[in-house]
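# Survey of secondary and tertiary structure
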Amino acid sequence: DSGVTQTPKHLITATGQRVTLRCSPRSGDLSVYWYQQSLDQGLQFLIQYYNGEERAKGNILERFSAQQFPDLHSELNLSSLELGDSALYFCASSAQRDGSYEQYFGPGTRLTVT
Amino acid sequence: QQQVKQSPQSLIVQKGGISIINCAYENTAFDYFPWYQQFPGKGPALLIAIRPDVSEKKEGRFTISFNKSAKQFSLHIMDSQPGDSATYFCAASKRQTGANNLFFGTGTRLTVIP
């Protein structure tokens, strides 16, 4: 168990809908990352937050957005969903202090868009 | 553009044998190279990581070899066991506070035959 929690575990929704994925980082970790894993694209970085501020963006679609709250949990919002958005979405966290940059992944949310 | 290239795509090894997975990177600014192990339906789990100031790091049956001049690194699994059957991902990033997202290889599916 990495200490990173994600909810829900599974999500099935229709095209055009909006969903919110939630992530709680390991206790004390300041940085949260979101990654997408699909069969054809592999593990792709979406976005990173550090202590509430956005720090890096990857290939994140404009239909997707995220935020990190004062208690350091994070939410990934996916809107106007398309069939191609079906994937595993992982959250990872990292302490990012005292030389500790290891990223620990949560169990993921499997999103199925029908 | 794939920043980290990984091979082979799949690997079959007899129990007790040595499994070797190779990765290559382009960006010389990368200074942190972790390996992740992923079982079906689970999130990637950090296995072992290396920094470019050492050429080898060993943890139990797992060893990372690093060749800075060739921009290559590899994972060796000694005495491979059926329980090691999983998908392995190499990754690379910069160790810095803030933007330090991981760039992943495409993964190697390892099967260890009893």
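The rules behind these values
Residues numbered from 1 in each chain as written. Chains lettered and ligands numbered in written order. Predicted model: local features only at pLDDT ≥ 70, side-chain atom pairs only at ≥ 80, totals over all residues. Heavy atoms only, no water. Helix = DSSP H or I, 4+ residues; strand = E, 2+ residues; numbered from the N terminus. Rg over C-alpha atoms; globule rule 2.2 N^0.38 Å. Buried < 20%, exposed > 50% of the residue type's maximum accessible area, 1.4 Å probe, protein only. Contact = heavy atoms within 4.5 Å. Areas by Shrake-Rupley, 256 points an atom, 1.4 Å probe, with all protein chains shown as cover. Salt bridge = Lys/Arg side-chain N within 4 Å of Asp/Glu carboxyl O. Buried area = accessible area lost by both parts, 1.4 Å probe. Polar contact = N/O pair within 3.5 Å; in protein donor to acceptor, adjacent residues only side chain to side chain. Pairing = 2+ DSSP bridges. Axes fitted to C-alpha atoms, helices over the stretch in contact; angles between N-to-C directions.

### Points about the overall build of chain A
- The secondary structure content of chain A amounts to zero helices and eleven strands.
- Along its sequence from the N terminus, chain A presents helices and strands in the succession β-β-β-β-β-β-β-β-β-β-β.
- Expected size for 114 residues packed as a compact globule is a radius of gyration near 13 Å; at 13 Å, chain A falls within 12% of this value.
- Each principal axis of the C-alpha distribution contributes one length, and for chain A these read about 45 × 25 × 25 Å.
- For chain A, with 114 residues in total, the buried portion stands at 53%.
- Taking the intrachain contacts of chain A between residues at least 6 apart in sequence as the baseline, contacts between residues at least 24 apart amount to 54%.
- Carbon and sulfur atoms form 45% of the exposed surface of chain A, whose accessible area is close to 5,400 Å².

### Observations regarding the pattern of salt bridges
Residue and element names in this part refer to chain A.
- One pass over the structure, following the stated rule, counts seven salt bridges over all chains.
- Its salt-bridge partner being D85, residue R63 comes within 2.8 Å of it at the nearest N-O pair. With a gap of 22 residues between them, R63 in the loop between strand 6 (53-57) and strand 7 (64-68) and D85 in the loop between strand 8 (74-78) and strand 9 (87-94) connect regions that are remote in the sequence. Just as R63 is buried, D85 falls in that class too.

### Thoughts on the interface of chain A and chain B
- At the junction of the two partners, chain A supplies 19 residues and chain B supplies 19 residues.
- With both sides pooled, the region where chain A packs onto chain B buries about 1,700 Å², and carbon together with sulfur makes up 55% of that total.
- When the buried area of chain A at its contact with chain B is split by residue, L43(A), Y101(A) and F105(A) rank highest and sum to 34% of it.
- Applying the counting rule to chain A against chain B returns zero salt bridges.
- Our count for the chain A to chain B interface comes out at six residue pairs in polar contact (both at pLDDT 80 or more).
- At the level of elements, strand 4 (31-38), strand 5 (42-50), strand 6 and strand 10 (104-105) of chain A are the ones that each hand at least two residues to the side of chain A that touches chain B.
- Ranked by residues supplied to the side of chain A that touches chain B, first place goes to strand 5 of chain A with four residues.

### Some remarks on the sheet that holds strand 7 of chain A
Residues and elements named next belong to chain A.
- Read from one edge to the other, the open sheet built from four strands follows the order 1-3-8-7, with strand pairing classed as antiparallel. Each having just a single partner strand, strand 1 (5-7) and strand 7 make up the two edges of the open sheet. With strand direction ignored, the average angle separating the axes of adjacent strands in the sheet is 15 degrees.
- In the sheet, strand 7 pairs with strand 8 via five bridges, with the strands oriented antiparallel. Of the residues in strand 8, the one forming a bridge with Q68 is S74.

### Examining the pairing of strand 9 of chain A
All names here are of chain A.
- Burial analysis of strand 9 places eight of its eight residues in the buried class, which makes it a mostly covered element.
- Side chains A87, Y89, C91 and S93 of strand 9 all project onto a buried face; the interleaved residues L88, F90, A92 and S94 project onto the opposite face, where all are buried too.
- The pairing of strand 9 with strand 10 spans two bridges and is antiparallel. Its bridge partner being in strand 10, S93 is matched across the sheet by Y104.

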